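Topology and contacts: notes
So you can see what is in the structure, the chains are spelled out below.
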Amino acid sequence: MVTGRGSEHVSCEEAYALLSACVDSLPRRVETRPIQEARSRILAEDIVALRNVPHFNASAVDGYAVLADATSGASAARPAVIERADEASGGFAWVNTGAELPPKTNAVVMVEDTEFASDVLKVVKPLTPGANVRPVGEDVMAGQILARRGDRVQPALISLLLCAGISEVPVVAYPKTLYIPTGDEVIGRDQWLANPTPRGGTVAESNSLYVEAVFSQWGFPVDVHPVIPDDPALLEERLAAASHEYDIVLVGAGSAKGRRDHTGEVFAKLGEMLFRWVRMKPGRPAMAAKARDSRALFVCLPGFPMSTVVVLWSLVYPILCRYAGRAVSQEEATREAFGRTGTLEAKWLVSHTSSAGMKEWLRMQTAQVGDVLYAWNLASGASVLWALSEADGIALLEEKDFECEAGTPVRVEMIRTVDIARRALFQGSDDPAISHLVSPTRRRGADLVLKSVGSMGGLAALSRGACHIAAAHLLDPRDGSYNDSYIERFRGERTWVRRLVFHRMQGMIVARGNPKGIATIRDLARPDVVFANRQPGAGTRVLLDYLIGVEQIVPEEIEGYAVQCTTHLEAANRVASHISDVTLGIKSAADALALEFIPLAEEPYELVADARYLSHSGVAALFECLDDPQWRALVERMGGYRWPD
């Protein structure tokens, strides 16, 4: 739909086309740069050599410079004899590779084709004029075109330019870019770091750090403006001024529909809206406009970190390339932007459903179990930047690819190098202590990735060959035993190996001071208490269901029973954030968030591995790490754990 507000709900490709049309309508700015600063720049003119390269006749080998005629008829049986001082024959002179030939010589005989004694040189092969000689201008002739307009300056060209007598070249100027962060709740980096207890509702202005870092990585300049509040008049003033100094002005946030989101109205006031909202996730609230009285483009980057990242990758970097004169497609530029190192064809480890009609950017991890290379997506929220730092690569789901079944193909654009053969995949019960095994595993030359799916989910994954190692702490309410009956059910005819890692304390986690006076499981059914639960199949959920069954509490009596958290820390954080009053979890999670802990039960925590993978480097390293003194000392400091007797 096209309105006075610009095109709305456009595809990423349509948004780029609108931006490109604006850039292409502008005359290219040209600047002259020293050749040592011109790498990767696009030439604005043809470049013509000023000198011959080489500018003298140079020897191409180590040997003797001679007059070719003096070697006529030479052979091993009847070598030509040349005396050093014989002017009639031109004499001879030793030359190294690259040295200038002396006067009256026009060829070089290789040393292995000669015999030298007492100022007399014997040559066993006849030479023709120019033999083993690099003549003047062999590489480049003065007046020759060395590179053409539109060519990208490569390192080899820079070296050649110097040899050809050229010190600087005209290149297409890089666009000047300014980033303006906005928001009443946004705190500048120095102020944020200076205050160890920022007030609630405030956030660090961290997006500018990413903008600066990624522009530096791309080789483009960018300036960052101090944070400005949600004041439309002030934003208009700063944008109007910046539009006459910069080619691209990026505005951080203010693109949504809240009362303080003024970026769209300011864009419309100062220029012509190009588009509002893009059919991609994250990054949907992006918008752009062309300044009315200057050459500047305004682009709004949504405030959530991952939304900012995706818009930078898919729209801003391709436009920077276009400004700089590079003939590169949006698709190719986007992959350059996020630093693709290669592509892996994998299979979905678990099913994924995307939003219909939206392109989605997923942060992926990968692992190979047996002959199958698996991939799965990490947390996909627009505010979650951690998942990008943990990701192996990116999967770009097109609008039609919204239903992805487990086992179906997925292409992962890798952003880091992964030694797949040495990586072990862990699926199972979450525990903070286990997450600390990744680094010692890597120090042993292997790798480990963790996917928290609960105890039941881990055993199920192990049974269908979707992981190397699982972990479980499943209570059997029939007899009070742990794990035995569940492992028997899932193992089938396979051979599994069990390792008891530690015993850990489970209990209720409440806020500091226990303001609701929660003391027993019966308190979970109180109408003034809000609970945070774990996902079905988690060992903690199994324990909860057993405990409330003993107390004859039905789930419907517990406010928040339907809430599903996938890790102990996620559940505990709901208590720390005052979203919930209580959760069930381990003591180390309570301690990590300075919460109170009411012990209920001690349980065994076991690793379970398929015996076929015991020789796998990642699995072997993990089992070795369980006896690592440094890791064990860390676990003891965490609290709430007891080693097996």
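So, here's what we can say about the structure. Chains are numbered independently. Their residues run from 1 in the order of the written sequence. Local features in a predicted model are, by the rule used here, given only for residues with pLDDT of at least 70; side-chain atom pairs are given and counted only at 80 or more, and totals for whole chains, interfaces and linings are based on all residues. The basis for every side-chain value is the complete set of non-hydrogen atoms in the structure, without hydrogens or water.

**Some remarks on the sheet that holds strand E7 (residues 80-83)**
As a reminder of what qualifies: Any two strands are treated as partners once DSSP identifies two or more bridges connecting them. Helix and strand definitions here come from DSSP, where helices need a minimum of 4 consecutive H or I residues and strands a minimum of 2 consecutive E residues; each element is numbered from the N-terminal end. Lines fitted to the C-alpha atoms define the axes, with helices restricted to the stretch that makes contact. Angles between their N-to-C directions range from 0 to 180 degrees.
A sheet is described by the order of its strands in space; here three strands give the open sequence E7-E11-E10, paired in antiparallel fashion. One side of each edge strand has no neighbouring strand; the edge strands of this open sheet are E7 and strand E10 (114-117). The mean angle between the axes of side-by-side strands here comes to 20 degrees, regardless of whether they run parallel or antiparallel. By the bridge criterion, four bridges tie E10 to strand E11 (residues 120-123) in an arrangement that is antiparallel. In the strand pairing of E11, Ala-117 is matched with Val-120.

**Looking at the state of the cysteines**
Formally: Disulfides are defined as pairs of cysteine sulfur atoms found within 2.5 Å of each other.
Here the structure, examined in full by the defined rule, presents zero disulfides. Of all cysteine sulfurs, the one in Cys-625 lies closest to Cys-467, which takes part in no disulfide; the gap is 18 Å.

**Brief notes about the nonpolar core**
How we decide: The nonpolar core is taken to be a set of buried Ala, Val, Leu, Ile, Met, Phe, Trp, Tyr and Cys residues, with the residues joined through side-chain atoms within 4.5 Å. Note on classification: 1.4 Å probe, protein chains only; a residue is buried when its accessible area is under 20% of the maximum for its type, exposed when over 50%, partly exposed between these limits. Any two residues having at least one pair of non-hydrogen atoms within 4.5 Å are treated as being in contact.
Residues Leu-459, Phe-502, Leu-607 and Trp-631 are the most contacted members of the largest nonpolar core, which totals 59 residues. Ranked by residues supplied to this core, first place goes to strand E37 (residues 596-610) with five residues. Leave out the neighbours within four places in its chain, and Trp-631 touches Ala-433, His-436, Leu-437, Val-501, Phe-502, Cys-625, Leu-626 and Trp-643. In this structure, Phe-215, Val-310, Val-316 and Leu-320 belong to the second largest nonpolar core, which totals 49 residues.

**Brief notes about the pattern of salt bridges**
Our working rule: Here, a salt bridge means any side-chain nitrogen of Lys or Arg that lies within 4 Å of a carboxyl oxygen of Asp or Glu.
A complete count under the given rule lists 40 salt bridges for this structure. Across the pair Asp-628 and Arg-444 runs a salt bridge whose closest N-O atoms are separated by 3.1 Å. Placement of the pair is Asp-628 in the loop between helix H17 (617-625) and helix H18 (629-638) and Arg-444 in the loop between helix H11 (438-443) and strand E32 (447-452), with a sequence separation of 184 residues. Between Arg-478 and Asp-476 there is a salt bridge; the shortest N-O distance is 2.9 Å. On the basis of relative accessibility, which here comes to 70%, the residue Arg-478 falls in the exposed class. On the basis of relative accessible area, Asp-476 is assigned to the buried category, the value being 4%.

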